[in-house]
Amino acid sequence: MEQKNFIGRRKTSTARLYIKPGSGDFIVNDRPLEDYFATKAHRNVATLPLEVTESEDQFDIKITVRGGGITGQSGAIQHALARALDDHNEEWHDVLKAHDLLTRDDRMVERKKYGQPGARKKFQFSKR
């Protein structure tokens, strides 16, 4: 399997993932995964597809992720990685699908409306 390019998205983040068979290197924006994501929770979200398919040390993964915050970026990485693993091995499709990793999470921040302080909140009503 040659090196391939996969895209994953979450909120306003976009992750471009390059994967090839290797020893398990995981590089995000030219930094190791542990340096890029300080919290274990975000690292777990990003690497969930590898754990589900039991393929932690089989691939070298290089990721460029832009936009959004840490949570959106870890979700985008998860989506791109799941798509890459699905393309690599068709037997993993059902496992990834069962864990809902192939579906893009399309929830976005609702926009602020005029005449209101936020998306849903209203200014305080005064009867008199």
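A few points on the structure. Since we're looking at a predicted model, the values are computed, not measured.

1. Description of the overall build of the protein chain
- Counting its secondary structure elements, the protein chain contains four helices and five strands.
- Going residue by residue from the N terminus, the α and β elements of the protein chain occur as β-β-β-β-α-α-β-α-α.
- Compactness check: the protein chain gives a C-alpha radius of gyration of 18 Å against a globular reference of 14 Å for 128 residues, more than 25% above the reference.
- Overall, the protein chain is about 70 × 30 × 25 Å in size when its C-alpha atoms are taken along their principal axes.
- Looking at the protein chain as a whole, 37% of its 128 residues are labelled buried.

2. A short note on the pattern of salt bridges
- The final tally for this structure, using the stated rule, is four salt bridges.
- For the salt bridge of Arg10 with Asp105, the shortest nitrogen-to-oxygen distance reads 3.5 Å. Of this pair, Arg10 sits in strand E1 (residues 4-10) while Asp105 sits in the segment after helix H4 (93-98), and the two are 95 residues apart along the sequence.
- What makes Arg10 buried here is its relative accessible area of 13%.
- Arg107 is the partner of Asp105 in a salt bridge, and the nearest nitrogen-oxygen pair spans 2.8 Å.
- Three or more residues are tied together by salt bridges with common partners; here these are Arg10, Asp105 and Arg107.

3. Some details on the side chain of Arg43
- As for its placement among the helices and strands, Arg43 is situated in helix H2 (residues 40-53).
- Despite its burial, Arg43 pairs with no opposite charge; the closest candidate is Glu34, at 5.1 Å N-O.
- Among the polar contacts listed, one links the side chain of Arg43 to the backbone oxygen of Ala38, at a separation of 3.3 Å.
- Once you skip the residues sitting within four places of it in the chain, Arg43 turns out to touch Leu33, Glu34, Phe37 and Ala38.

4. Notes on the sheet that holds strand E2 (residues 13-21)
- Pairing is mixed across the open sheet formed by five strands, whose spatial order is E1-E2-E5-E3-E4. Edge positions in the sheet fall to E1 and strand E4 (31-32), since each has one partner strand and no second.
- Relative to strand E5 (residues 59-66), strand E3 (residues 26-28) is paired through three bridges, and the arrangement is parallel. Along E5, the bridge assignment pairs Ile27 with Lys62.

5. Overview of the environment of Thr71
- With respect to the element layout, Thr71 can be found in helix H3 (residues 70-88).
- Sequence separation between Thr71 and Gly24 is 47 residues, and the spatial gap between their C-alpha atoms is 23 Å.

6. What about a negative patch on the surface?
- Taken together, Glu51, Glu54, Glu56 and Asp57 make up a surface patch of like negative charges.
- Mapping Asp57 onto the fold places it in the loop between H2 and E5.

7. Focus on unusual backbone geometry
- Despite not being glycine, Lys11 has its phi angle at roughly 50 degrees, a positive value.
- Structurally, Lys11 is set in the loop between E1 and E2.
- Since its relative accessible area comes to 37%, Lys11 is described here as partly exposed.
- Even without glycine at this site, Asp30 takes up a positive phi of about 65 degrees.
- Position of Asp30 relative to the elements: it lies in the loop between E3 and E4.

Reading the values: the criteria
- Residues numbered from 1 in each chain as written.
- Predicted model: local features only at pLDDT ≥ 70, side-chain atom pairs only at ≥ 80, totals over all residues.
- Heavy atoms only, no water.
- Helix = DSSP H or I, 4+ residues; strand = E, 2+ residues; numbered from the N terminus.
- Rg over C-alpha atoms; globule rule 2.2 N^0.38 Å.
- Buried < 20%, exposed > 50% of the residue type's maximum accessible area, 1.4 Å probe, protein only.
- Salt bridge = Lys/Arg side-chain N within 4 Å of Asp/Glu carboxyl O.
- Lys, Arg positive; Asp, Glu negative; His and termini not counted.
- Polar contact = N/O pair within 3.5 Å; in protein donor to acceptor, adjacent residues only side chain to side chain.
- Contact = heavy atoms within 4.5 Å.
- Pairing = 2+ DSSP bridges.
- Patch = residues over 30% accessible without salt bridge, like charges linked within 9 Å, V, L, I, M, F, W, Y side chains within 5 Å.
- Areas by Shrake-Rupley, 256 points an atom, 1.4 Å probe, with all protein chains shown as cover.
- Charge placed at Lys NZ, Arg CZ, Asp CG, Glu CD.

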